[in-house]
Amino acid sequence: MSRSALLVLADGRFPAGGHAHSGGAEAAVKAGRLTDAAGLEAFCRGRLHTVGLTAAGLAAGAAAGLDPHELDAVADAQNPSPALRAASRRLGRQLMRAARAAWPDPGLDALAAAFPRGAHQPVVLGTAARAAGLGPEDTAHCVAYETVGGPATAVVRLLGLDPYQATAVLARLAPEMDEVAARAATAARQGVDALPAASAPLLDITAEQHAAWPVRLFAS
Amino acid sequence: MSSAAPAAGTGVTATARITAGADGSLPVLESDGPFALRRTRCAVPGWTRVTVVGAMSAPLGGDRLAIETEVRDGARLLVDAAAATLALPGRTADPAAYALRLRVGADAVLRWLPEQLVSVHGSVLRARTTVELDPAARLVLREEQVLGRHGEPPGTLFSRLTVRRAGRPLLDQELACGPGAPGGWDGGAVLGGHRTTGQLLVVDPRFDTAPAPVRLLGDHAVVTPLAGPAALVTAVAPDALALRRILDAALADLAPFTAP
């Protein structure tokens with residue numbers, strides 16, 4: 001296990017395309033459900049314990065060596081929104097390119113060959129983490145952090161929110177990120193059937209509304 | 001038949017069973033515990049109908065209740081309910097468990113259209129619906145969760161719906177809300193202050209060649225095609241009536257109830 005490899009993978013500057021996505025924050029801002037730092041915290045906390053936990057479970061599963069094909073099928077079943085499925089596969093494809101350059105690995109090569117249009121992002125992330133020598137728990141931490149880091153950065157741009165306040169939200173959520181990562185890693189060690197499937201109805205609903213907007217700042 | 005034998009301070013354990021045959025028969029129709037099952041007359045010919053009559057308010061904390069339903073090859077079964085299901089606090093602090101296990105065979109159809117599940121203040125319920133579908137099965141399934149009776153704060157509800165088709169995952173989603181759920185469930189990402197949420201799932205092999213298009217149903221509901229041959233309506237609403245209106249309109253559109 002390399003702590004530095006985890007920092008490289010989790011860094012927002014890792015060229016995997018995540019900065020183009022708001023994690024549903026753009027739609028929530030437009031709907032008036034996210035207007036200030038408190039709203040951002042509630043939004044991020046909800047994301048963390050739902051889709052964050054679910055994605056962390058998938059990624060931790062891939063890092064633990066569960067069958068990525070099976071995990072990819074589970075990810076499809078956990079995502080009723082075609083806009084979110086497409087975004088996840090697009091992000092998976094982008095992440096795959098960066099990960100293969102960073103940590104050349106036969107597991108990544110095999111996954112890329114099996115899913116030329118992109119496997120789901122958490123499956124690619126877990127496979128990349130495994131290639132980087134990271135375990136399920138570190139991988140789950142990476143997902144938990146990106147689940148809330150993306151919307152926090154986006155909301156600074158969308159609302160002009162004070163970046164110090166946005167960072168304070170992330171810091172306050174840190175203990176819950178640890179809990180989510182631990183739950184995800186524990187589930188992943190028990191196998192595919194134990195993986196969480198926590199979902200967020202408003203994220204599923206608004207993802208389709210957002211995808212239909214003619215002009216938007218973020219891809220999702 | 002009843003296997004219910006509650007010891008003092010613990011809950012009821014009960015499993016009701018339904019098996020429907022292609023000839024319109026019900027080879028198994030076993031009431032148990034709080035679930036009384038009645039064969040009822042179906043307005044549409046060619047269908048078998050069973051109505052779940054809640055013999056008492058249930059589930060209570062500590063109860064372990066289940067309904068198992070098998071729709072054999074070629075059978076057409078409608079299951080509905082006489083009243084909403086109320087998750088209530090029990091004499092123990094233990095959560096209640098409510099499991100629905102549904103199997104639908106080849107060329108069989110199940111319309112599972114119960115009433116709302118109401119999470120009453122102070123209750124803790126784990127609701128688990130698992131569905132196993134033959135590749136040639138059809139399914140219409142509605143789930144509606146109401147967070148608290150009118151004007152009261154909600155209980156704690158963990159609800160998971162898992163559907164497998166030909167052994168492969170088709171839909172797997174869980175929702176946690178109420179005071180015992182992890183934080184953020186009432187924030188802008190999950191329910192955003194809405195007090196009801198529901199899903200309507202329609203699985204039909206015809207969607208393999210002609211998937212249901214994405215359709216927005218107002219601001220708080222959407223029809224989406226799943227990765228497999230199915231369409232899902234996801235909705236949140238301020239109250240049970242508004243939610244039912246959305247789901248009823250989608251039901252009439254996606255899966256009208258007609259004679260075979």
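I will try to describe carefully the structure that is included in this document. (Residues numbered from 1 in each chain as written. Chains lettered and ligands numbered in written order. Predicted model: local features only at pLDDT ≥ 70, side-chain atom pairs only at ≥ 80, totals over all residues. Heavy atoms only, no water.)

## A look at the nonpolar core
The tendency in soluble globular proteins is for nonpolar side chains to be buried side by side. Core analysis: the largest hydrophobic core is formed by 120 residues, its most contacted members being Leu40 of chain A together with Ile67, Leu77, Leu110 and Leu201 of chain B. A total of 12 residues in this core trace back to one element, the largest contributor, which is helix α3 (residues 37–63) of chain A. Residue contacts for isoleucine 67 of chain B: discarding those within four places in its chain leaves Ala16, Ile18, Phe35, Val52, Tyr98, Ala99, Leu100, Arg101 and Trp112 of chain B. Within the second largest apolar cluster, 25 residues are counted, among which are Trp47, Phe207, Ala221 and Ala237 of chain B. (Core = buried A, V, L, I, M, F, W, Y, C linked by side-chain atoms within 4.5 Å. Buried < 20%, exposed > 50% of the residue type's maximum accessible area, 1.4 Å probe, protein only. Helix = DSSP H or I, 4+ residues; strand = E, 2+ residues; numbered from the N terminus. Contact = heavy atoms within 4.5 Å.)

## Details of the side chain of threonine 196 of chain B
Residue and element names in this part refer to chain B. In this structure, threonine 196 sits in strand β15 (residues 196–203). Side-chain polar atoms of threonine 196 contact the backbone oxygen of alanine 237, separated by 2.8 Å. Once residues within four sequence positions are removed from consideration, threonine 196 is found in contact with Gln145, Val146, Ala235, Val236, Ala237, Pro238, Asp239, Ala240 and Leu243. (Polar contact = N/O pair within 3.5 Å; in protein donor to acceptor, adjacent residues only side chain to side chain.)

## Remarks on the packing of aromatic side chains
Throughout the structure, instances matching the rule amount to 3 aromatic pairs over all chains. Note on phenylalanine 14 of chain A and tryptophan 103 of chain A: the rings are 5.8 Å apart at their centroids and 20° apart in plane angle, and the pair reads as stacked. Placement of the pair is phenylalanine 14 of chain A in the loop between α1 (3–10) and α2 (25–30) and tryptophan 103 of chain A in the loop between α5 (82–102) and α6 (106–114), with a sequence separation of 89 residues. Relative accessible area serves as the criterion here: at 13%, phenylalanine 14 of chain A is assigned to the buried category. For the pair phenylalanine 35 of chain B and tyrosine 98 of chain B, a centre-to-centre distance of 5.7 Å together with 20° between the ring planes defines the contact as stacked. Taken together, the positions of phenylalanine 35 of chain B in strand β3 (residues 35–40) and tyrosine 98 of chain B in strand β8 (residues 96–104) put the pair 63 residues apart, joining distant regions of the chain. Classification of phenylalanine 35 of chain B by relative accessible area gives buried; the value is 7%. (Phe/Tyr/Trp six-rings, centres within 6.5 Å; stacked < 30°, edge-to-face > 60°.)

## Observations concerning the packing of helix α8 (residues 136–159) of chain A against helix α9 (residues 163–190) of chain A
All names here are of chain A. Interaxial distance between α8 and α9 falls to 7 Å at its minimum, and their mutual angle equals 150°. In this view, α8 runs roughly antiparallel relative to α9, as classed from their interaxial angle. When you trace α8 past α9, the crossing you get is right-handed. Contacts from Pro136, Glu137, Ala140, His141, Ala144, Tyr145, Val148, Gly149, Ala152 and Val156 in α8 reach Pro163, Ala166, Leu170, Leu173, Met177, Asp178, Val180, Ala181, Ala182, Ala184, Ala185 and Arg189 in α9. Its residues assigned to classes, the contact of α8 with α9 shows 17 nonpolar, 2 polar and 3 charged. (Axes fitted to C-alpha atoms, helices over the stretch in contact; angles between N-to-C directions. Parallel < 35°, antiparallel > 145°, perpendicular 65-115°, else oblique. Left-handed = near helix turned anticlockwise from the far one by under 90°. Nonpolar A, V, L, I, M, F, W, Y, C, P; charged D, E, K, R; others polar.)

## Some details on a positive patch on the surface
A surface patch of like charges, here positive, comprises Arg90, Arg93, Arg97, Arg117 and Arg216 of chain A. When you line up the elements, arginine 117 of chain A lands in the loop between α6 and α7 (121–131). (Patch = residues over 30% accessible without salt bridge, like charges linked within 9 Å, V, L, I, M, F, W, Y side chains within 5 Å. Areas by Shrake-Rupley, 256 points an atom, 1.4 Å probe, with all protein chains shown as cover. Salt bridge = Lys/Arg side-chain N within 4 Å of Asp/Glu carboxyl O. Lys, Arg positive; Asp, Glu negative; His and termini not counted. Charge placed at Lys NZ, Arg CZ, Asp CG, Glu CD.)

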